[in-house]
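# Descriptive structure summary
Spelled out from the first residue to the last, the chains are:
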Amino acid sequence: MAFVDDHPLEAKVARSSIAVAIIAVAVGGLLGLLQAWFRTGFLRPFSAVDYYAILTAHGVLMALVFTTFFTVGLFTWGVTRSLDRGFHDRRFTWAWFALMVLGTALAFVSVLGNLVGWIPLHGAVLYTFYAPLEASPTFYLGLAGLVVGSWGAGVDYLWSLYAWRKENPGERIPLQTFMSVSTMLLWFLCSAGVAVEVVVFLVPWSLGWIPRVNPLLTRTLFWYFGHAVVYFWLLPAYFIWYTLLPKFSGGRLVSDSIARVVFLLFLLLSTPVGVHHQYGDPGISQGLKFVQMTSTFFIVLPSLLTAFTTVASMEHGARQRGGTGRFGWLRALPWENPAFSGCALAGIMFAAAGFGGMVNAGLNVNAMVHNTLWVPGHFHLTVGTAVALSFMAVSYWLLPQLTGKRLRFRTLAAVQPYLWFVGMVFMSNAMHREGLAGVPRRTSVPQYSQVAFNLPITGFDAVHLQIVAGAAMLFVALLCFLVVVTATWFGRRGEAPLAVNGHVPEPLSGPDAGPRILDNFKLWVAVAVVLIVIAYGIPLASIIQHGLFAPGSAPLPT
Amino acid sequence: MTDTTTTDTDRTAGDHEDDVWSRRSFVRYLAPVSVAIPVVVEGRTLIGLVEEDFAGDESAWNKPTGVSVGVGGELRPETPTREKLSNAALRDTGDGRRLTLAVAAKNTADAPYRFALGAVTTDGGETIDGGAATDELAPGESATLQATYDLPADATPASVETTVTLDGADDAKTVELAVV
């Protein structure tokens, strides 16, 4: 019996969420290709002004829509499977899903208004949507719908956990539910910042109810959310790496408790570090920036714990499969299985991203790369590969269980993660190098006539070629993924055995080896709130000392 | 389906999935190739960056990035020689403004070299004749030159003509000046 037979409603919710995510990544991926080719001057089928709408649509669809929908789909499967119980109220479940879809449509149409004359809306404010750039209210309301809808998914998970606990007093929370709930608690905490930004400031401002807002305040509220959202993207990938990658490797997770500690550390540390995105902002003292820099470096700890645990679990799997030797076990891993290879390659890329992330986090070194193309190069390794490639990889394993249909075009699926990986190596390496030369991000045509960027190592022709070729490889990899999932989706049920099952092997060291206090979410949320108040109380008080709207800025464009 | 502790035997029985992948053994060769590509690309990048650090005056890090050249900036970063704008001063003279430009030139190439400043163009588009040139410099030699220009009272300098002569070949270029 597949998951779809055991829990048809939840399978449909997960399937629908993942379907929206796939549509988002298809459209967003095409826009990403156009964007990369435009910036390098390889192909310019639209104006430099339209570039910003395409950039916004790419960012929103990939970083906000694809990730959020896939996450709620994955967690719906994980919570339902690990608790072995369905959601409480199907009307509530479909209501939050509908809100997410409507919100996404509203935001996307608003951005489309910049490209299509007959839509009287605009939203080319980039996915980091803070003042003074101003969009139509529909853009902000749409994104609010997406976020609030995803809160509904979190409520469903908590609801299921509450009901399960009443029936299973004293039991440890199953690991997949623990991970899903702690991620959603982090999401509740961090998205409160962007909710305040949108509801209190941006929507009234865009409606003309208030003449001006304080750009620094809206930036600070955005980045309160904007760094933690990175972990909202990453933790579902960690969910996959901790609970499924060991199975794909042929083994078992080394330690359940380490996984719980890692997720709790992210719950505690993800939000009180957002100021490290604002090192270039005047109005926040260097001392406060230094404090948040040190907090940021604490986040290296759970990432290193994850690297150790997942690699150890992979080695365990490889040795179960007959692998031997100090490094020879690597050959015993199932590299031809895309569910495994995609996750493993995503992990390698994430390690590289971690080193670049430490450059971003350093208060002094950050000045060298701040607002340069280095930064998009970095987050194409994190969300663009560690997360996106893990999601694609797990789809090859999960989709048959959600649809009851065997995976199609398996050779294409087997090749796809490698194409994505190599494409991203070329593109991201070039973006990092351009960033080192000072080439700015968020600009459509950075080749100003009087500017000479002194690119180390090679000239611009070489890095542009890398970006053009890398983006093309990524797009081909995306097409491979789309062909596989679409063919599987529209295939016939029962034609062949699924060849996969939802069994998740127990960790070598189970939950009972760790203290029960790890499962006390009330305590950890309280600690997280205290840390947030400490980290953000002083800067926010300083920013609003002359009033909530002073010094204000009128909307741009006027 | 609630997670419960299982033994290795249980795991093997319950965790069995049909092997539909191992027939695609050619894919296994993609893994080492795919890992080798970033090793080569990133290794080349690392070596290149280290070389830049030890490249001295030739390093890209020592070449200015920006719209225009100000004091301390390289006037002709694309040439193998060095022409640093060592001074740019503007002062009122009663009936106008006098611009003084000074350049420290060094022949870091391996052929005879000469550098010359030519006319200045103001922000209003007016051309002010003038300039100065070094003597011919042998490889490794340095020299400084200074040129003065009399500008109208409300004008500011926008650009200056420069000529690098290397091994007898002239290479002229208009260089944008930063605000003086």
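Residues numbered from 1 in each chain as written. Chains lettered and ligands numbered in written order. Predicted model: local features only at pLDDT ≥ 70, side-chain atom pairs only at ≥ 80, totals over all residues. Heavy atoms only, no water.

## Side note on helix 15 (residues 374-403) of chain A
Stated precisely, the cut-off is as follows: Two axes enter the bend calculation: one fitted to the seven residues ending at the residue in question, the other to the seven starting there, and the bend is the angle between them. Here a strand is any run of E in DSSP of at least two residues, a helix any run of H or I of at least four, and the numbering for each starts at the N terminus. Note on exposure labels: buried denotes an accessible area under 20% of the residue type's maximum, exposed denotes more than 50%, and partly exposed covers the range between, all computed with a 1.4 Å probe on protein chains only.
Along helix 15 of chain A, the largest kink reaches about 45 degrees and is centred on A:Tyr396; proline A:Pro400 follows within four residues of it. Among the 30 residues that make up helix 15 of chain A, 30 are buried, leaving the element largely enclosed by the rest of the structure.

## Brief notes about the sheet that holds strand 6 (residues 142-151) of chain B
Residues and elements named next belong to chain B. Where we set the bar: Paired strands, as defined in this entry, are two strands with at least two bridges between them according to DSSP. A fitted line through C-alpha atoms represents every axis, and for helices the fit uses only the stretch in contact; the resulting angles, taken between N-to-C directions, go from 0 to 180 degrees.
Read across the sheet, three strands follow the order 1-2-6 without closing on themselves; strand pairing throughout is antiparallel. Two strands close off the open sheet at either side, each with one partner strand: strand 1 (82-92) and strand 6. Across this sheet, the average inter-strand angle for adjacent strands is 15 degrees, counted without regard to direction. When strand 2 (residues 97-106) meets strand 6, the two strands line up antiparallel, connected through 10 bridges. Each residue of the ladder has a partner; that of Arg 98, found in strand 6, is Asp 150.

## What to know about the confidence of the model for chain B
Caution is warranted with low-pLDDT regions, since their predicted coordinates should not be read in detail. Residue and element names in this part refer to chain B. Selection rule: The predictor rates its confidence in each residue with pLDDT, a number between 0 and 100. By definition in these notes, contact holds between two residues if any of their heavy atoms fall within 4.5 Å.
Model confidence for chain B is summarised by a mean pLDDT of 82, while 83% of its residues fall at 70 or above. Overall, residues 1-14 carries pLDDT values under 50, and its contacts beyond four positions in sequence, including any with other chains, amount to 28 contacts. The ipTM value of the predicted complex is 0.76, and its pTM value is 0.84.

## Quick word on the packing of aromatic side chains
All names here are of chain A. Note the cut-off: Here is the rule: rings of Phe, Tyr and Trp (six-membered ring for Trp) pair when centre to centre is within 6.5 Å. Planes less than 30 degrees apart are stacked, more than 60 are edge-to-face, and the remainder are tilted. To sit over a ring, a charge needs its Lys NZ or Arg CZ within 6 Å of the ring centre and within 35 degrees of the ring normal.
Counted according to the given criterion, the structure contains 38 aromatic pairs over all chains. Taken together, a centroid distance of 5.5 Å and an interplanar angle of 85 degrees make the contact between Tyr 51 and Tyr 52 edge-to-face. Here Tyr 51 falls in the buried class, since its relative accessible area comes to 2%. Plain terms: the ring middles of Phe 139 and Tyr 140 are 5.7 Å apart, the flat faces sit at 80 degrees to each other, and that makes the pair edge-to-face. Each member of the pair, Phe 139 as well as Tyr 140, is classed as buried. Taken together, Phe 129, Tyr 130, Phe 139, Tyr 140, Trp 187, Phe 222, Trp 223, Phe 225 and Phe 232 form an aromatic cluster joined through their ring pairs. Sitting above the plane of the Phe 38 ring, Arg 44 keeps its charged end 4.8 Å from the centroid. When the ring centre of Phe 409 is taken as reference, the NZ or CZ atom of Arg 408 above it lies at 5.8 Å.

## Examining the domain arrangement of chain B
The criterion, for reference: As annotated, the domain borders come from an automatic or database domain assignment.
Domain boundaries in chain B define domain 1 (13-55) and domain 2 (65-176). The C-alpha centroid of domain 2 of chain B is placed 50 Å from the C-alpha centroid of domain 1 of chain B.

## Re the environment of A:Trp187
All names here are of chain A. By secondary structure assignment, the location of Trp 187 is in helix 6 (residues 175-206). A residue is classified by how much of its surface remains accessible, and Trp 187, at 2% relative accessible area, is buried. Taking C-alpha positions, Trp 187 is 11 Å from Tyr 224, a pair spaced 37 residues apart along the chain.

## Things to note about the packing of helix 3 (residues 50-83) of chain A against helix 8 (residues 228-243) of chain A
All names here are of chain A. Using the following cut-off: Crossing handedness follows the turn of the near helix against the far one: under a right angle anticlockwise gives a left-handed crossing, and clockwise gives a right-handed one. Amino acid classes used here: Ala, Val, Leu, Ile, Met, Phe, Trp, Tyr, Cys and Pro are nonpolar; Asp, Glu, Lys and Arg are charged; the rest, including Gly, are polar.
Taken N-terminus to C-terminus, the directions of helix 3 and helix 8 make an angle of 40 degrees; their axes are 10 Å apart at the nearest point. Judged by the sense of rotation from one axis to the other, the crossing of helix 3 with helix 8 is left-handed. On helix 8, the residues touching Ala 63, Thr 67, Thr 68, Thr 71, Leu 74, Phe 75, Trp 77 and Gly 78 of helix 3 are Phe 232, Trp 233, Pro 236, Phe 239 and Ile 240. Within the contact of helix 3 with helix 8, the residues separate by chemical class into nine nonpolar, four polar and no charged.

## Some details on the nonpolar core
Heads up, the condition is: Here, the term nonpolar core denotes a set of buried Ala, Val, Leu, Ile, Met, Phe, Trp, Tyr and Cys residues that are joined through side-chain atoms within 4.5 Å.
Grouped together as the largest cluster of nonpolar side chains are 201 residues, with contacts concentrated most on A:Phe129, A:Phe139 and A:Trp241. B:Leu99, B:Tyr149, B:Val175 and B:Leu177 belong to the second largest nonpolar core, which has 23 residues in total.

## Notes on empty space enclosed by the protein
The probe, sized like a water molecule, is rolled over the atoms to show the empty space still left. Residue and element names in this part refer to chain A. For clarity, the cut-off: Here a cavity is any set of points on a 1 Å grid over the protein atoms alone where a 1.4 Å probe fits but cannot get out, and a pocket is any open set with protein on both sides within 12 Å along at least 5 of 7 lines; a residue lines the site when it has an atom within 4 Å of a point. Grid points are joined across faces, edges and corners, and a volume is the space filled by probe spheres set on the points.
In this structure the tally under the stated criterion is two cavities of 30 Å³ or more. Put simply, the largest cavity is a space of about 750 Å³. Taken together, 39 residues make up the lining of the largest cavity; nearest its centre are Gln 35, His 58, Phe 379, His 380 and Met 431. At the level of elements, helix 2 (8-39), helix 3, helix 15, helix 16 (410-436) and helix 17 (460-489) are the ones that each hand at least two residues to the lining of the largest cavity. The dominant element in the lining of the largest cavity, judged by the number of residues it contributes, is helix 3, at eight residues. Residues that form the lining of the largest cavity fall into these classes: 24 nonpolar, 11 polar and four charged. Empty space within the second largest cavity amounts to approximately 30 Å³. In this structure, the second largest cavity is lined by Ala 57, Val 60, Leu 61, Val 65, Thr 104, Ala 107, Phe 108 and Val 111.

## A closer look at the pattern of salt bridges
The following threshold applies: Every case where a carboxyl oxygen of Asp or Glu lies within 4 Å of a side-chain nitrogen of Lys or Arg is listed as a salt bridge.
The final tally for this structure, using the stated rule, is 14 salt bridges over all chains. Ionic pairing is found between A:Asp519 and A:Arg260, a salt bridge with its closest N-O pair at 3.0 Å. With A:Asp519 in the loop between helix 17 and helix 18 (521-543) and A:Arg260 in helix 10 (residues 256-269), this pair connects stretches of sequence that are 259 residues apart. Here the two residues A:Asp519 and A:Arg260 agree in accessibility, since each one is buried. Its salt-bridge partner being B:Asp150, residue B:Arg98 comes within 2.8 Å of it at the nearest N-O pair. With B:Arg98 in strand 2 and B:Asp150 in strand 6, this residue pair connects regions lying 52 residues apart in the sequence. B:Arg98 sits in the partly exposed class, given a relative accessible area of 30%. One salt-bridge network, held together by shared partners, links A:Arg172, A:Asp256, A:Arg260 and A:Asp519.

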